[in-house]
Amino acid sequence: MVNLTQEVNDFINRTLDSHVRIAVTGLSRAGKTAFISSLVNQLLHTSTHDNLPLLTAARDKRLVGAKRVPQLNMMVPRFSYDQAMAQLEMQPPMWPEPTRDVSEIRLSIKYRPKRKTKRLLGATSTLNIDIIDYPGEWLLDLPLLDMDFDTWSNTQFEALSGTRETLAKPWLEALAQLDLNAEADEKQLASIARLYTDYLHACKQAGLHWVQPGRFVLPGELDGAPVLQFFPCQFQGKDATKNSHYAMLKARFKQYQQKVVKAFYKHHFSTFDRQIVLVDCLTPLNEGHESFADMRGALEQIMHSFEYGKSSLLRRLFAPRIDKILFAATKADHVTPDQHGHLTSLLKQMVHPAWQTAAYENIDMSCMSIASIQATQAGFINQQGESHPAIQGVSEQGESITLFPGDVPEKLPAADYWQNNGFEYTSFRPMPVEADHPLRHIRLDKALEYLIGDKLR
Ligand SMILES: Nc1nc2c(ncn2[C@@H]2O[C@H](COP(=O)(O)OP(=O)(O)OP(=O)(O)O)[C@@H](O)[C@H]2O)c(=O)[nH]1
Ligand SMILES: [Mg+2]
C-alpha cells in the first residue's frame with residue numbers, strides 16, 4: 001500500500017472533482033425557480049431520506065451528501081434558495097416569487113464512485129453542479145441576435161392580429177404621429193417606447209408569451225436606460241438621415257442586441273454542458289387556442305435559435321459543448337397520473353423539429369413529465385358507483401378541492417379542441433412542507449438521473 005500524505009490525497013481528490021453546468025431554460029412561469037429550488041432541496045436531503053429512488057447513485061446508497069458551496073462567478077447574486085424555502089414553509093405555503101434578475105447556485109455532491117479507476121484513487125469523489133436562474137422573458141431575446149432592426153420590426157407587425165391588434169392600438173396611434181426621418185427627439189421616443197412597453201405588459205397579462213424584447217417587461221437595473229427605449233417601426237423612405245428618429249431606433253436596437261442580449265448569453269450560456277427545457281403545456285391549454293398557439297410559436301422560435309447544428313446561432317456565437325438535453329413538461333401534478341403519458345407525447349410533438357436536429361448532431365435527448373414541487377395528490381372519486389381518477393389539493397383561495405381536470409390531448413390540438421373539450425386548470429397552493437422532510441415531487445429524480453446520473457458513476 002502506498003502511504004499517501006494528506007496533501008497528496010487532497011490533490012488527487014481535487015483533480016478527481018468533476019463539474020457540470022446545467023442550463024435551466026423555459027418561458028416565463030414554466031417552473032424554472034420551482035425546479036431549481038426542489039433540485040437543491042432534494043439533493044440536500046439525500047443523505048437522510050430515500051427521496052430520489054430513480055437516481056441510480058442514490059438508490060445504490062452511493063451519495064454521501066450534498067451542500068451549497070460558493071459559486072465561482074462572484075459578479076452574479078446567489079440564487080435565493082432560503083427565500084424560496086421560507087415561502088414554501090409558510091402557513092399557508094406559498095410559491096416562490098417570480099424571478100426578476102439573474103442568479104446562480106453551486107452545489108457540491110460527495111459520492112462513492114462505482115468506476116474502478118475512480119475508486120482506486122479515493123473513497124469518495126465530488127461533483128460540482130452550477131445552475132443559473134433568470135426571468136423567463138429574457139429567453140425570448142435569444143432569437144433577436146439573428147435579426148436586424150427591420151426584420152425584427154416586420155415580425156412584430158406581422159403578429160398584430162387578434163388580441164394583440166386590440167392591445168397595440170395606443171402605441172400604434174402614437175407611432176403614426178412620429179416622423180421617422182425628422183431629427184431625433186429623445187423625449188418623444190421615450191414616450192412611444194413607454195406605450196410599446198405597456199403593450200407588451202398587456203400581452204403578458206392576456207396570457208400571451210411571445211413578448212419581445214423580453215427585458216422591456218423586466219428591465220432590472222436597466223430601467224429607464226435609453227437602450228430600452230426603442231420600438232418596431234417601418235421606415236418607407238430610402239435613406240434616413242443620420243440623426244433621425246429611425247437612425248436612433250436602429251442604433252438602440254443594435255446596442256440592445258450586443259450589450260444586453262449577447263452579453264447575457266455569453267456570460268451565462270456559453271459554458272453549459274447540459275440543458276433542461278421546461279415547458280408548461282397545461283396553463284395555455286386551459287387559457288385557449290390563441291394562448292396555446294402563441295406559446296408554441298414562442299417555443300419554436302427559441303428552439304430554432306437553440307438548434308444544435310454547427311451553423312446554429314448559439315454554436316456560432318458561443319460554442320457551448322452541450323451533450324444532453326432534457327425536455328420536461330412541468331406541473332404534472334395538475335393532471336391525473338393516467339394522463340402523464342399524454343402530457344409527455346404532447347410535449348414531444350411540440351419540440352419535434354429541435355429533436356431531429358439534435359439527434360443528427362449526436363446530442364442525447366429525452367422527454368418526460370415532472371412536478372418539481374407537488375401541489376396535489378392523486379386518488380379516485382366515486383361517481384354513481386364507479387371509481388374515477390382525480391387529484392386533490394388546496395386552491396390558492398384556501399378551498400380543498402377534488403377534481404378531474406380533463407384529458408390532456410396526446411397530439412397538438414386543433415382549433416376546435418377548445419370548443420369540444422377544454423381543460424380545467426386550477427391554481428393550487430404547494431403542499432405543506434413537513435419539518436426536516438424534502439419537498440414532494442414527481443419524477444424529479446428521473447430528470448436528475450438523466451442530467452447528472454452518468455457523472456455520479
Ligand atoms: N402544481 C405545480 N405548480 C407548479 C410547479 N412548478 C411551478 N408551479 C406553478 O408555476 C408557477 C411558476 O413557477 P416558477 O418556478 O416561479 O416559474 P419560472 O419559470 O421561474 O417563472 P419566471 O421566474 O417568471 O420566469 C408557480 O408559482 C406555481 O404556481 C409544480 O411542480 N407543480
Ligand atoms: Mg423564476
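Naming follows an unreviewed UniProt entry, where the chain appears as YcjX family protein of Vibrio olivae.

Caption draft 1: Structural context of the overall build of the chain. Helix and strand content of the chain: 16 helices and 10 strands. For a compact globule of 457 residues, the expected C-alpha radius of gyration is about 23 Å, and the chain comes in at 24 Å, within 12% of that figure. Based on the C-alpha atoms only, the size of the chain along its principal axes is roughly 80 × 70 × 45 Å. Per-residue burial over the chain gives 53% buried out of 457 residues. Residue pairs at least 24 apart in sequence account for 78% of intrachain contacts in the chain once pairs closer than 6 positions are excluded.

Caption draft 2: Fine view of the pattern of salt bridges. By the definition in use, this model includes 15 salt bridges. Here Glu 137 makes a salt bridge to Lys 204, at a shortest N to O gap of 2.6 Å. Taken as a pair, Glu 137 in the loop between β4 (125-133) and α6 (149-158) and Lys 204 in helix α8 (residues 186-205) lie far apart in primary sequence, 67 residues in all. Note on Glu 137: relative accessible area 5%, which makes it buried.

Caption draft 3: Local environment of the coordination of the magnesium ion (ligand 2). The protein atoms that coordinate the magnesium ion (ligand 2) are Thr 33 (OG1) and Thr 99 (OG1), at distances of 2.0 Å. Taken as a pair, Thr 33 in helix α2 (residues 32-45) and Thr 99 in the loop between α4 (81-88) and β3 (103-111) lie far apart in primary sequence, 66 residues in all. Each of the two residues, Thr 33 as well as Thr 99, counts as buried.

Caption draft 4: How the structure looks around the sheet that holds strand β10 (residues 400-403). Judged by pairing direction, the sheet is antiparallel, and its three strands sit side by side in the order β8-β9-β10 without closing on themselves. The open sheet terminates on both sides in strands that have one partner only, identified here as β8 (376-383) and β10. Adjacent strand axes in the sheet meet at a mean angle of 35° when their direction is disregarded. When β8 meets strand β9 (residues 386-394), the two strands line up antiparallel, connected through eight bridges. The residue bridging Ile 381 from the neighbouring strand is His 388, located in β9.

Caption draft 5: Up close: the environment of Leu 178. Looking at where Leu 178 falls in the secondary structure, it is placed in the loop between α7 (162-176) and α8. We classify Leu 178 as buried; its relative accessible area is 8%. For the pair Leu 178 and Pro 77, spaced 101 residues apart in sequence, the C-alpha separation works out to 41 Å. Excluding anything up to four places from it in sequence, Leu 178 contacts Gln 188, Leu 189, Ile 192, Phe 231 and His 245.

Caption draft 6: Here's a closer look at the site of ligand 1. Around ligand 1 sit 20 residues in total, of which Lys 32, Thr 33, Ala 34, Gly 136 and Lys 331 are the nearest. Between ligand 1 and the protein, one listed contact pairs a nitrogen atom with a backbone N or O atom of Ile 373 at 3.0 Å. Taking a 2 Å distance to the grid points as the criterion, the majority of the atoms of ligand 1 fall inside the largest pocket. Residues of the shell around ligand 1, tallied by class, amount to nine nonpolar, seven polar and four charged.

Caption draft 7: Broad picture of the side chain of His 209. Along the chain, His 209 falls in the loop between α8 and α9 (245-269). The contacts of His 209, once residues within four sequence positions are left out, are Leu 27, Ser 28, Leu 140, Asp 294, Met 295 and Ala 298.

The rules behind these values
- Residues numbered from 1 in each chain as written.
- Chains lettered and ligands numbered in written order.
- Predicted model: local features only at pLDDT ≥ 70, side-chain atom pairs only at ≥ 80, totals over all residues.
- Heavy atoms only, no water.
- Helix = DSSP H or I, 4+ residues; strand = E, 2+ residues; numbered from the N terminus.
- Rg over C-alpha atoms; globule rule 2.2 N^0.38 Å.
- Buried < 20%, exposed > 50% of the residue type's maximum accessible area, 1.4 Å probe, protein only.
- Contact = heavy atoms within 4.5 Å.
- Salt bridge = Lys/Arg side-chain N within 4 Å of Asp/Glu carboxyl O.
- Donors = N, O, S within 2.8 Å, 3.2 Å for Na, K, Ca; no water.
- Pairing = 2+ DSSP bridges.
- Axes fitted to C-alpha atoms, helices over the stretch in contact; angles between N-to-C directions.
- Near = heavy atom within 4 Å.
- Polar contact = N/O pair within 3.5 Å; in protein donor to acceptor, adjacent residues only side chain to side chain.
- 1 Å grid on protein atoms, 1.4 Å probe; cavity = no way out; pocket = protein on both sides within 12 Å on 5 of 7 lines; lining within 4 Å.
- Sits in = over half its atoms within 2 Å of the grid points.
- Nonpolar A, V, L, I, M, F, W, Y, C, P; charged D, E, K, R; others polar.

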